[in-house]
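# Close look at the chain arrangement
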Amino acid sequence: MLLRRLPDRIDLLKKVPLFSGLSRRHLGLIVRETERVNADRGKVLARQGALGREFLLIVDGSARVERDGKVIARLGAGDFFGEMSLIDKKPQSATVTAETAIDLLVVDARSFRNLLDTVPGLQKKILITLCERLRGADAALGSRN
Ligand code: CMP
């Protein structure tokens, strides 16, 4: 479902941590590159092994992240996924499934790469999240040994 009114979407973006602190001009750039979609509970939003085509950001709802059938993380409002395959152009590292009805902002691959190059601080915020996820994965490995 596409949101009709642009101002609503800019107001929505302002509340997303990934885009916090950006000027109205940059928020306007992002709005033009995003589509707002809904999906039902159980919908597979990213599939391990497939080539990623979209960057997705959760506005409302939650999703689980599974690798080789095991749940490795849960994502909620403000979290994003699908960035890895778009950055390294390799298959998606995990399967992401909606655990509730979910409201998402979706950015296609080309637009995502474009935003990475033009939106100030976006690369850094995504890097920080990648670091957090790596630390989380390391901690989970450590607790198993
Ligand atoms: P990508 O590999 O493109 O597709 C699957 C996505 O799941 C991945 O990008 C990340 O966005 C997300 N993901 C993978 N591993 C984790 C993790 N440990 N914690 C949170 N999200 C993850």
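Located above this text is the structure these notes cover.
The notes below deal with the structure included here. (Residues numbered from 1 in each chain as written. Predicted model: local features only at pLDDT ≥ 70, side-chain atom pairs only at ≥ 80, totals over all residues. Heavy atoms only, no water.)

### Re the site of the ligand
Rules: Each residue is tested against the molecule or strand, and it is near if at least one of its non-hydrogen atoms lies within 4 Å. Under the rule applied, a polar contact is a pair of N or O atoms within 3.5 Å (in protein, one hydrogen donor and one hydrogen acceptor; residues adjacent in sequence only if both atoms are side-chain atoms). Accessible areas in this description were obtained via Shrake-Rupley with a 1.4 Å probe; residue shielding takes into account the shown protein chains only. The pocket and cavity definitions rest on a 1 Å grid over protein atoms only: a 1.4 Å probe that fits but cannot leave marks a cavity, an open set with protein on both sides within 12 Å along at least five of seven lines marks a pocket, and residues lining either have an atom within 4 Å of a point. Grid points define the cavity or pocket, and a molecule sits in it when more than half of its atoms lie within 2 Å of them. In DSSP terms, a helix is any run of H or I states spanning at least four residues, a strand is any run of E spanning at least two, and both are numbered starting from the N terminus. Residue type decides the class: Asp, Glu, Lys and Arg count as charged, Ala, Val, Leu, Ile, Met, Phe, Trp, Tyr, Cys and Pro as nonpolar, and the leftover types, Gly among them, as polar.
In the vicinity of the ligand there are 15 residues, among which Phe81, Gly82, Glu83, Ser85 and Ser93 approach most closely. A distance of 3.3 Å separates a nitrogen atom of the ligand from a polar side-chain atom of Arg67. Alone, the ligand offers 460 Å² of accessible surface; in the complex the protein occludes 94% of this. Cavity membership is defined here by more than half of the atoms lying within 2 Å of grid points; on that basis the ligand lies in the largest pocket. When contributions to the shell around the ligand are tallied by element, the ones reaching two or more residues are strand 4 (63-67), strand 5 (70-75) and helix 3 (83-88). Classifying every residue of the shell around the ligand gives 8 nonpolar, 4 polar and 3 charged.

### Here's the deal with the pattern of salt bridges
Going by this rule: Note on definitions: salt bridges are taken to be side-chain nitrogens of Lys or Arg within 4 Å of carboxyl oxygens of Asp or Glu. Summary of the burial criterion: residues with accessible area below 20% of their type's maximum are buried, those above 50% are exposed, and those between are partly exposed, where the area comes from a 1.4 Å probe applied to protein chains only.
Scanning the entire structure with this criterion turns up 6 salt bridges. Residues Asp11 and Lys14 are paired through a salt bridge, measuring 3.6 Å at the closest nitrogen-oxygen approach. Here Lys14 and Asp11 lie together in helix 1 (residues 6-14), a separation of 3 residues that amounts to about one turn. Arg133 is the salt-bridge partner of Glu83, the closest N and O atoms lying 3.3 Å from each other. Taken together, the residues span a long stretch of sequence, with Glu83 in helix 3 and Arg133 in helix 5 (residues 122-144) at a distance of 50 residues. The buried category is assigned to Glu83, whose relative accessible area is 2%. Shared partners join several salt bridges into a network, and the residues in it are Arg64, Glu66, Arg74 and Glu99.

### Quick look at the packing of aromatic side chains
Selection criterion: For Phe, Tyr and Trp, where Trp contributes only its six-membered ring, two rings pair if their centres lie within 6.5 Å, and the inter-plane angle classes them as stacked under 30 degrees, edge-to-face over 60, or tilted in between.
For the coordinates displayed, the defined rule picks out 2 aromatic pairs. Ring centres 5.3 Å apart and planes at 40 degrees place the aromatic pair Phe55 and Phe80 in the tilted group. With Phe55 in strand 3 (residues 54-60) and Phe80 in strand 6 (residues 80-81), the pair connects residues that are 25 residues apart, well separated along the chain. The exposure class of Phe80 is buried, given its relative accessible area of 4%. Consider the rings of Phe55 and Phe112, whose centres lie 4.5 Å apart with planes at 20 degrees: the pair is stacked. Taken together, the residues span a long stretch of sequence, with Phe55 in strand 3 and Phe112 in helix 4 (residues 109-118) at a distance of 57 residues.

Remember, this is a structural readout, not a statement about activity or role.
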